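Commentary on secondary and tertiary structure
Below are the chains, spelled out letter by letter.
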Amino acid sequence: MPTPHLSAAAGDFAEAVLLPGDPLRAQHIAEHHFDGARQVNAVRNAFGFTGTYQGMPVSVLGTGMGIPSASLYAHELVAEYGVQRLVRVGSCGAVQPDLGLRDVILAAGACTDSTVNRARYGGLDFAAIADFELLRAAADAAEARGIPVRTGNVHSADLFYDPRAATGYFDRMTAMGVLGVEMEAAGIYGVAAEHGVRAMAVLTVSDNILTGEKTTSDERQTGFDAMVQVALDGLVRDAGR
């Protein structure tokens, strides 16, 4: 069942898929968290793997950066491979001063300056929110592991280097309680709503936009395992409900 962007055969993807932006993070997740991992996609270096976690079949696919790329892969996974649960595992820039490096965020909702969900929703504003059961399962999993999490809104940006940054752009987010800025969740939530499947995002703070603290690129690739554990344990809990 290859698509223009995925070479996997029918049945190669599990019904639950983790979606990091970085394809090398996808490889790291498969190698360090999956049992019996096998590669199912390498087209355009969007590395995809399928294995098991605590006996549950699960896949991971690197989506690349940004809502257009993530939405494309989410759509094909759902429409062509029958995926039912999409969990983004990615990095974000915090916009609250009390969030530190490597803190874990559960994205209950995703604001955005992208218009993709307006296109899906007939030109109106669409509230891009996580599936509650997935969110609750991830929160329970984090508590069981002793991993502190913050739950709330994030912002999915179209631009990484945004010229509005110098004009108080982030101050509005801080004032309205947004926790962090990333680039994919709102698009994935929109795809899930459009197709009647479930999605959520678990994020790690890679930098704090307000304080200037930041991690290295290598740390972002392989050093964010706490969020992966929360995501995987949450999927197992959700499957057992």
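This report concerns the structure included in the present document. (Residues numbered from 1 in each chain as written. Predicted model: local features only at pLDDT ≥ 70, side-chain atom pairs only at ≥ 80, totals over all residues. Heavy atoms only, no water.)

**Remarks on helix 8 (residues 225-239)**
Under the 1.5 Å per step criterion, the end-to-end length of helix 8 is 21 Å for 15 residues, consistent within 8% with the ideal 21 Å. Of the positions making up helix 8, those classed as buried are Met227, Val228, Val230, Ala231, Leu232, Asp233, Gly234, Leu235 and Asp238. (Helix = DSSP H or I, 4+ residues; strand = E, 2+ residues; numbered from the N terminus. Expected span 1.5 Å × (residues − 1). Buried < 20%, exposed > 50% of the residue type's maximum accessible area, 1.4 Å probe, protein only.)

**A short note on the pairing of strand 3 (residues 48-53)**
Note on strand geometry: in a regular strand, side chains alternate between the two faces of the sheet. Burial of strand 3 is extensive: five of the six residues sit out of reach of the surface. Sheet topology places strand 2 (residues 35-41) next to strand 3; four bridges connect them, and they run antiparallel. In the strand pairing of strand 3, Arg38 is matched with Thr50. Connecting strand 2 to the antiparallel partner strand 3 that follows it, the hairpin turn spans six residues, and Arg44 within it adopts a positive phi of roughly 55 degrees. Pairing of strand 3 with strand 4 (residues 56-61) involves six bridges; the strand directions are antiparallel. Bridge pairing in strand 4 places Thr52 opposite Pro57. A loop of two residues connects strand 3 with strand 4, the two strands running antiparallel in sequence, and Gln54 in this loop sits at a positive phi of about 50 degrees. (Pairing = 2+ DSSP bridges.)

**Description of the side chain of Ser206**
Within the fold, Ser206 resides in strand 9 (residues 198-208). Only 2.9 Å separates the side chain of Ser206 from the side chain of Asp207, close enough to count as a polar contact. Discounting chain neighbours no more than four positions away, the residues touching Ser206 are Ser91, Cys92, Leu101, Lys214, Thr215, Arg220 and Phe224. (Polar contact = N/O pair within 3.5 Å; in protein donor to acceptor, adjacent residues only side chain to side chain. Contact = heavy atoms within 4.5 Å.)

**Re the state of the cysteines**
This structure, assessed with the given rule, holds zero disulfides. Note on Cys111: no disulfide assigned, nearest cysteine sulfur contributed by Cys92 at a separation of 13 Å. Note on Cys111: relative accessible area 29%, which makes it partly exposed. (Disulfide = S-S within 2.5 Å.)

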